[in-house]
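Commentary on secondary and tertiary structure
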Amino acid sequence: MTAPSIRNVSEREARQVAEAAREQDWRKPSFAKELFLGRFRLDLIHPHPTPTVDDVRRGEKFLATLREFCETEIDGARIEREGQIPDETINGLRELGALGMKIDPKYGGLGLTQVYYNRALSLVGSASPAIGALLSAHQSIGVPQPLKLFGTQQQKETFLPRLARTDISAFLLTEPDVGSDPARLATTAVPDGENYVLDGVKLWTTNGVVADLLVVMARVPASPGHKGGITAFVVEADSPGITVEHRNAFMGLRGLENGVTRFHQVRVPAAHRIGPEGAGLKIALTTLNTGRLSLPAMCVGSGKWCLKVAREWSAAREQWGRPIAKHEAVGAKISFIAATTFALEAVVDLSSQMADENRNDIRIEAALAKLYGSEMGWLMADELVQIRGGRGFETAPSLAARGERAVPAEQMLRDMRINRIFEGSTEIMHLLIAREAVDAHLSVAGDLIDPDKSLADKGRAAARAGGFYARWLPKLVAGPGQLPRTYQEFGMLAGHLRYVERSSRKLARSTFYAMSRWQGRMETKQGFLGRIVDIGAELFAMSAACVRAEYLRETGEHGREAQRLADVFCRQARIRVEELFGRLWTNTDELDRKVVSAVLDGSYTWLEEGIIDPSGDGPWIADATPGASRRDNVHRPIR
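Quick look at the structure, then. (Residues numbered from 1 in each chain as written. Predicted model: local features only at pLDDT ≥ 70, side-chain atom pairs only at ≥ 80, totals over all residues. Heavy atoms only, no water.)

Enumeration over the complete set of coordinates arrives at 45 salt bridges. Between D212 and R639 there is a salt bridge whose closest N-O contact spans 2.8 Å. You can see D212 sitting in the loop between β3 (195-206) and β4 (213-220) and its partner R639 sitting in the segment after α23 (589-600), a full 427 residues away along the chain. Residue classification places D212 among the buried positions, given a relative accessible area of 7%. Since its relative accessible area comes to 65%, R639 is described here as exposed. E312 is the partner of K308 in a salt bridge, and the nearest nitrogen-oxygen pair spans 3.0 Å. Residue K308 and its partner E312 are both found in helix α11 (residues 294-316); the two are separated by four residues, about one turn of the helix. The partly exposed category is assigned to K308, whose relative accessible area is 41%. Residue E312 is classed as partly exposed on the basis of its relative accessible area of 28%. Within this structure, R119, K304, E345, D349 and R548 form a network of salt bridges that share partners. (Salt bridge = Lys/Arg side-chain N within 4 Å of Asp/Glu carboxyl O. Helix = DSSP H or I, 4+ residues; strand = E, 2+ residues; numbered from the N terminus. Buried < 20%, exposed > 50% of the residue type's maximum accessible area, 1.4 Å probe, protein only.)

Structure (structure tokens):
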């Protein structure tokens, strides 16, 4: 029994699969959720949470060891040049325990907190983004995290010691015709006695070329005794029937061990299934609740590097009798990089510490951190290239060959670009966060706009909605942000927090108005929803920056400088927020839809004349029909 290479599903089925994978309940408070509802719960993030003394001791000790390793054993230029991380480098990371940073010491890991794990990724990612990606894919979304959250005790005892010290793991969900729409998942896992038999093809398997253990998402057909559905499995990468058919090459991250993996009649013990049948997507999304923080953590590292290079270069390079940093056009870019790096580090550290304390539900905070970090990280790298001018476009080896400092600015730009796609593209993150942001509304009024609900269901929903909105709407009219002395303990930053509180209520009012106006069509208004989410991301970053600055002021560590950076960041963010609010209702969304329809029906093909398309021949999407592989296996486990 095999699956077709393409699973055709309706829009409704796709939406139902995605909805079923969501965590339905909110058992803990969420700062970001409240922010989207117009409730500025500063008490959930202030005073800034702090790690324990023991966590700091263990974390700092490892960071010191890792820094020495990065400075002496990692050759980022060689990795870029050869397109591969040397085996000896990976073995050195194994000896350090870097594969087990997040694994409990009782299984041989280091047991670092989320805060120090992210700081380690930021450090190693600055030395080599490819190594940062390898370690992140292994621990943030690979086998260790889902086992930690959902694995049986036997699974933990069997796999975690290996993963902590020797084995590299990979996460396999995407397929040639399946991206962010898992309802189309075609890889199957057919029950056969005490085993499941896997068939299918997986694409963009980060770490898949060198992995020892895989997390594989496959569809179990429903049958007597089997609920079926998308299910997660731990699979030995050297199992008979597994072929790594291709190692992919990319614009950036040239050392990334990312490939195409084919499964043909691969037998996996039922004991290696993670969680029950049908729970695979929920496991994946829950894993990403904190796993997504690794990507913005590495964006923090890139921001710090961009700031260092911008500072050093702009002081050394003179034009028209002055260092270029003294020219306002360049100085504005440096200010943006400095302020944004400070705010992004505040977002990541705050979210990470909340994850460690486990007091709050941070699913929205982590998603916002990923979204904001990937977008701002890209902008900072782009601004650095602009500051460097022609040298920013020139490769580091070329600079070195003609006697100048080998600054890999163009490589940073290439490496950073994938972050807007990795682990949920910006467009998908907008929709995911928007769904969580309107969850309270759908919980009380969703049946009113559901065409499949009966009149009786709609009547009950109307009653619930009436009670909810009668209590909620009046609270959006006025709040602490309108009182001139609110948040005075924040000194010069108090006005920014008042702005966040006012804007939070305005954001909630805008969302309510849009739901009232568009009702069931709200989910199609992706431009509007994206702007709503972007406003929330800016407000969250402003809040985190202010709280971090106040924490640093109280502890006496760069307090004055931190306040200045937070102030500048908030002023820059407020300009962006005001623009986004304006674009909620003044935009070209409807016109854009008409143009797109015309493009697709061929009305503008005349505009494409006069060019040569250098693209090669072949299908847009590779054939993924299950069956035996016809290619050589390029899997190369590192020993």
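A few words on unusual backbone geometry. For residues other than glycine, phi is negative in most cases, and the peptide bonds are mostly trans. Geometrically, the link from H46 to P47 is a cis peptide bond, its omega value of 0° lying close to zero. Here P47 shows up in the loop between α2 (31-36) and α3 (53-73). Although it is not a glycine, W320 adopts a positive phi angle of roughly 55°. Of note, the phi angle at H558 is positive, near 55°, even though the residue is not glycine.

Further remarks concern the environment of L44. Its place among the elements puts L44 in the loop between α2 and α3. According to the relative accessible area criterion, L44 is buried, its value standing at 7%. Residues L44 and Y372, 328 residues apart in the sequence, show an inter-C-alpha distance of 20 Å. Other than its neighbours up to four places away in sequence, L44 contacts P29, S30, F31, M354, R359 and N360. (Contact = heavy atoms within 4.5 Å.)

Interhelical geometry of helix α6 (residues 114-127) versus helix α12 (residues 328-357) gives an angle of 140° and a closest axis separation of 7 Å. Classified by the angle their axes make, α6 and α12 are oblique. Contact residues: α6 offers Q114, V115, N118 and R119, while α12 offers V348, D349, S352, Q353, A355 and D356. Residue composition of the contact of α6 with α12, grouped by class: three nonpolar, four polar and three charged. (Axes fitted to C-alpha atoms, helices over the stretch in contact; angles between N-to-C directions. Parallel < 35°, antiparallel > 145°, perpendicular 65-115°, else oblique. Nonpolar A, V, L, I, M, F, W, Y, C, P; charged D, E, K, R; others polar.)

Before going further, it helps to examine a nonpolar patch on the surface. A contiguous nonpolar surface patch, about 720 Å² in accessible area, is contributed by V595, V596, V599, L600, Y604, W606 and L607. Within the element layout of this structure, W606 appears in the segment after α23. (Patch = residues over 30% accessible without salt bridge, like charges linked within 9 Å, V, L, I, M, F, W, Y side chains within 5 Å. Areas by Shrake-Rupley, 256 points an atom, 1.4 Å probe, with all protein chains shown as cover.)

In terms of nonpolar packing, the biggest core is built from 93 residues, with L368, L539 and F569 touching the most fellow members. Setting aside anything within four residues of it in sequence, one finds L539 in contact with L35, Y499, V500, S503, S504, L507 and V577. Counting 32 residues, the second largest nonpolar core, distinct from the first, contains I79, I90, L112 and V115. (Core = buried A, V, L, I, M, F, W, Y, C linked by side-chain atoms within 4.5 Å.)

In this section: the pairing of strand β2 (residues 188-192). Bridge count between β2 and β3: five bridges; the pairing is antiparallel. Along β3, the bridge assignment pairs D192 with N195. Hairpin geometry of β2 and β3 is characterised by an intervening segment of two residues between the two adjacent antiparallel strands and by a positive phi of about 65° at G193. (Pairing = 2+ DSSP bridges.)

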